[in-house]
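Working through the structure, step by step
Below, each chain spelled out in residue letters.
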Amino acid sequence: MTTTTISVTGADPYDITIGRDILDRVSSALAPAVRKVLVVHPPTLAARAAELRDRLLADTENGQREVLLAEVPDAEQGKRIEVAAFCWQVMGQADFTRTDAVVGYGGGAVTDLAGFVAATWLRGVQVVQVPTTVLGLVDASVGGKTGINTAEGKNLVGAFWAPSAVIGDLDELGSLSPNEATAGFAEVVKAGFIWAPEILDIIEADPVRAVDTQSAEFRRAVELAVGMKATVVSEDFREAGQREILNYGHTLGHAIEHAERYRWRHGAAISVGMLYAAELSRLAGRLSDAAAERHRTILESLGLPTAYRAGAWPQLLATMQRDKKTRGGMLRFILLDDIAKPTVLQAPDESLLFAAYQEIGS
């Protein structure tokens, strides 16, 4: 099976490799000087993490590599300072040095955590990301944004820290439930709306095959989404400009996640957030009725949610005002002037925000 290599350029370049049965690439992605490796993984992947550890040990010459496993809570529960501290403790007790490494093996929450742990241990050690979910592959593991959550909001504490490699083994996605795969696919849909309309065409032609992790259509859509993100972050690593477009749907989406105490899947919340952004774009006179309706049709064809509780608006607004995307106390939204034409709306009138929410409130 062929592999696809997508490169992120800039000050800290690295490759994203997508293919099947390519976990052997993890060992070769580690620097020759690495003697200790911490594999961060969720409980659901304990057995497979042990297999990965054995692979990494088998690939070591003269048995000079030590591989430790750090099992962390699944999903957003793992993105807490207490969990990061546990990883630091393991590394400290094992005498990890600046030439050692972390491997993030799991979904987007795990790769976010692993990246943050790597960025902060001794002010930065190597991290290799091995995403095992759709969300992790197309979004969290690519771009070097790492972080943990606080009681006040999502990803408010973090660091920019580029991985040395991302190994996207599509076989790792085979155990995902249909709901998990579809929820993660919301980030692929986002890429279609802001950058690569071919993704939208793939979904409209056959929504079932689009989210089938074994199909050629799924792989094509994923590679387009990863390619989009690689291009954007290559030009704007620290979100000083163009990278901000990746927040499409995320301002409201993150507020929904916070309101739900992270019991909603990230992609489900972002789906609602994208429709909200589309309706806000429409009411602001930027997006046509047809383009806004295309959002609803595509998201619903995938079984993704497009509505949230009508009475939740005051809570959501308060959370958005604390969001890390707020600048100088002013809310900022990524909107669309048209499909694949993102733009920024700063400090919108609250009456406009509320009117757009009325379009998705249930």
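We now turn to the structure provided with this report. (Residues numbered from 1 in each chain as written. Predicted model: local features only at pLDDT ≥ 70, side-chain atom pairs only at ≥ 80, totals over all residues. Heavy atoms only, no water.)

**Comments concerning the nonpolar core**
By size, the foremost hydrophobic cluster in this structure holds 79 residues, and its most contacted members are Ile16, Phe185, Val189, Leu252 and Tyr276. Setting aside its immediate chain neighbours within four residues, Phe185 contacts Val134, Ile203, Ala210, Val211, Phe218, Ala221 and Leu302. The next biggest cluster of nonpolar side chains, apart from the first, holds 22 residues, and it includes Ala94, Phe96, Leu113 and Phe116. (Core = buried A, V, L, I, M, F, W, Y, C linked by side-chain atoms within 4.5 Å. Buried < 20%, exposed > 50% of the residue type's maximum accessible area, 1.4 Å probe, protein only. Contact = heavy atoms within 4.5 Å.)

**Some points on unusual backbone geometry**
If a residue is not glycine, its phi is most likely negative; likewise, a peptide bond is most likely trans. Its identity is not glycine, yet Asp95 carries a phi of approximately 60°, on the positive side. Considering the arrangement of structural elements, one finds Asp95 in the loop between α3 (81–93) and β5 (101–106). Owing to a relative accessible area of 54%, Asp95 belongs among the exposed residues under this scheme. Phi is positive for Leu122, which is not a glycine, with a value near 50°. Mapped onto the elements of the fold, Leu122 is located in the loop between α4 (108–120) and β6 (126–131). (Helix = DSSP H or I, 4+ residues; strand = E, 2+ residues; numbered from the N terminus.)

**Quick notes on the pairing of strand β10 (residues 332–338)**
Within β10, five of the seven residues are buried, which leaves it mostly tucked inside the rest of the structure. Taken together, the six bridges between β10 and strand β11 (residues 341–346) define a ladder with antiparallel strand orientation. Paired with Leu335 across the strands is Thr343, a residue of β11. As consecutive antiparallel partners, β10 and β11 are separated by two residues, and within that stretch Ala340 has a phi angle of approximately 70°, a positive value. (Pairing = 2+ DSSP bridges.)

**Considerations on empty space enclosed by the protein**
Per the stated rule, a full pass over the model turns up four cavities of 30 Å³ or more. The computed volume of the largest cavity comes to approximately 80 Å³. What lines the largest cavity is a set of eleven residues, and nearest its centre among them are Glu152, Gly153, Lys154, Thr319 and Asp323. At the level of secondary structure, the elements contributing two or more residues to the lining of the largest cavity comprise β8 (153–160) and α11 (250–259). Among the residues making up the lining of the largest cavity, the classes are represented as two nonpolar, four polar and five charged. (1 Å grid on protein atoms, 1.4 Å probe; cavity = no way out; pocket = protein on both sides within 12 Å on 5 of 7 lines; lining within 4 Å. Points joined across faces, edges and corners; volume = space filled by probe spheres on them. Nonpolar A, V, L, I, M, F, W, Y, C, P; charged D, E, K, R; others polar.)

**Thoughts on α3**
Relative to the 18 Å expected for 13 residues at 1.5 Å per residue, α3 spans 18 Å between its end C-alpha atoms, a close match to the ideal helical length. Among all positions in α3, only Val83, Ala84, Cys87, Val90 and Met91 are buried. Summarising the axial view, the buried residues of α3 lie within an arc of 115°, below the 170-degree limit, and thus occupy one face. Buried residues in α3 make contact with β3 (36–41), β4 (66–71), β5 and α4. (Expected span 1.5 Å × (residues − 1). Arc of directions from axis to C-beta.)

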